[in-house]
Amino acid sequence: MSSLTAHGRGARERPPFPSERIAELLAEPDSVPADAPAEPSAGYLDLLGRRAGPSPTLAQRVMQSTFLPRIYERVWRPVGFNIAKGWPFGPDTAEEHALARDWLGLGQPGDAGPAATVLDVACGPGNVTRALAAGVAEGGLVVGLDASRTMLEEAVARPTPAPGRAAIGYVRGNAVDLPFRDGCFDAVCCFGALYLFDDPWAALDAMVRVLKPGGRLVILTSRRPDLPLSRAGGELVRAVVGMRMFGDREITRALIDRGLTGVRQRRYPLMQMVGARLDGPATG
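For the packing of aromatic side chains, give the residues involved together with the corresponding values.
All told, the structure shown has 2 aromatic pairs when counted by the stated rule. Aromatic side chains F180 and F185 sit 5.2 Å apart centroid to centroid with 85° between the ring planes, which places their arrangement in the edge-to-face category. Residues F180 and F185 agree in their burial class; the two are buried. Judged by centre distance (5.6 Å) and plane angle (75°), the rings of W201 and F246 are edge-to-face. Highlighted residues: W201 in helix α7 (residues 200-210) and F246 in the loop between α8 (230-241) and α9 (250-257), separated in sequence by 45 residues. Residue W201 is classed as partly exposed on the basis of its relative accessible area, which comes to 25%.

This is the structure in structure tokens:
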């Protein structure tokens, strides 16, 4: 795979795609499908090709549309998420990103930060991926993975981090059955997506599997408020839209059951952030 230059919207030079470094993380380095391009000329590595997946729910179809990626970062996410987090009393997007970097053991913009290897699961248009890279030093790598071509096309069209920060590489792959080898990431996050997965518990298994001993996991997902009829309302949302509303103890209990420790949680009206650490000595 060669260095890439940008094409299409924005037409700007794109930094070299970190193909060799991403190949080292793959469980099956030769798993690129035959109908995928030989080079990631679109700016991301496609591990799905034209492979057909299960019929998407309404929420999944919206996420894969061509329109939503263009307004996701500027309109959809800040408005929808901030309301779900209790705006104007809950954290805004910048505060959310700072908290994620802190819980993942990364630096903050302006700090040196570790040269970590980080995975952003269901990265969408790369807004969280880029925010994480702002806390990772040069020599580190942040990988954004998503199944949506339209989201990844938007991600690679966005500006990359300033010089002196981690490289970013995007992969089109299955977020529930992650294509990476065991224990290869220092930090893993999944923001605003777990509630869309058909099998969120299998997705959690995969995230834990790819964490190094001592690695950290942070999830931002939905929250079902402890109110009368909230469970019935959550089941209706799931049936109609395909979005799951998690109870206050579902995610924390799932992480503890999978061997993670130091579990912490912040609860907002309709969202929750949960973080934990995989037992074992941290590796460099």
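Read on, since the account is not over.
Explain the pairing of strand β3 (residues 141-146) to me, using residue names and the numbers behind them.
Looking along a regular strand, one sees side chains alternate from face to face of the sheet. Across the 6 residues that make up β3, a large majority, 6, are buried. The two faces of β3 match: L141, V143 and L145 on one face and V142, G144 and D146 on the other face are all buried. With helix α5 (residues 127-133) bridging strand β2 (residues 117-121) and the parallel β3, this β-α-β connection has right-handed handedness. Sheet topology note: the β3/strand β4 (residues 167-172) ladder contains 6 bridges and is parallel. Across the sheet, G144 pairs through a bridge with Y170, a residue of β4.

Could you give an account of the pattern of salt bridges, with specific residues and numbers?
Throughout the structure, instances matching the rule amount to 8 salt bridges. Between R172 and D46 there is a salt bridge, and its shortest N-O distance comes to 3.1 Å. Placement of R172 in strand β4 and of D46 in strand β1 (residues 44-46) is noted, with a sequence separation of 126 residues between them. Here R172 and D46 have matching classes, each one buried. A salt bridge links E250 to R224; the shortest N-O distance between them is 3.8 Å. One end of the pair, E250, is in helix α9; the other, R224, is in the loop between β6 (211-222) and α8, with 26 residues separating them in the sequence. Owing to a relative accessible area of 14%, R224 belongs among the buried residues under this scheme. One continuous salt-bridge network, built from bridges that share partners, spans R223, D248 and R267.

So, the pairing of β2: which residues are in play, and what are the values?
Along β2, 5 of the 5 residues are buried, which leaves the element largely enclosed by surrounding structure. Side chains of β2 alternate between two faces, with T117, L119 and V121 and V118 and D120 buried alike. Where β2 and β3 come together, 5 bridges link them in parallel fashion. In the sheet register, V118 faces β3, and the bridge partner there is V142.

How would you summarise the sheet that holds β2 if you had to cite specific residues and measurements?
Here 8 strands make up an open sheet; going across it, the order is β1-β4-β3-β2-β5-β6-β8-β7 and the pairing mixed. Each having just a single partner strand, β1 and β7 (260-267) make up the two edges of the open sheet. Pairwise comparison of adjacent strand axes, ignoring direction, gives a mean angle of 15° for this sheet. Two strands pair when backbone bridges link them, and β6 and strand β8 (residues 271-278) are joined in this way by 7 bridges, in the antiparallel orientation. Across the sheet, the residue bridging to V218 is G275, located in β8. Of the strands in this sheet, β2, β5 (185-191), β6, β7 and β8 touch α7, which is tilted by about 150° from β6.

Kindly report on unusual backbone geometry, identifying the contributing residues and their values.
Note on backbone geometry: most residues besides glycine have negative phi, and most peptide bonds are trans. Unusually for a residue other than glycine, A122 sits at a positive phi of about 60°. Here A122 shows up in the loop between β2 and α5.

Residue-level account of the side chain of D248, with values.
Secondary-structure assignment places D248 in the loop between α8 and α9. One polar contact links D248 to R223, side chain to side chain, over a distance of 2.5 Å. At 3.1 Å, the side chain of D248 and the side chain of R267 are in polar contact. Aside from chain neighbours lying at most four places away, what touches D248 is R223, R224, Q265, R267 and Q272.

Calculation notes
- Residues numbered from 1 in each chain as written.
- Predicted model: local features only at pLDDT ≥ 70, side-chain atom pairs only at ≥ 80, totals over all residues.
- Heavy atoms only, no water.
- Phe/Tyr/Trp six-rings, centres within 6.5 Å; stacked < 30°, edge-to-face > 60°.
- Buried < 20%, exposed > 50% of the residue type's maximum accessible area, 1.4 Å probe, protein only.
- Helix = DSSP H or I, 4+ residues; strand = E, 2+ residues; numbered from the N terminus.
- Right-handed = clockwise from strand over helix to strand, strands pointing away.
- Pairing = 2+ DSSP bridges.
- Salt bridge = Lys/Arg side-chain N within 4 Å of Asp/Glu carboxyl O.
- Axes fitted to C-alpha atoms, helices over the stretch in contact; angles between N-to-C directions.
- Contact = heavy atoms within 4.5 Å.
- Polar contact = N/O pair within 3.5 Å; in protein donor to acceptor, adjacent residues only side chain to side chain.

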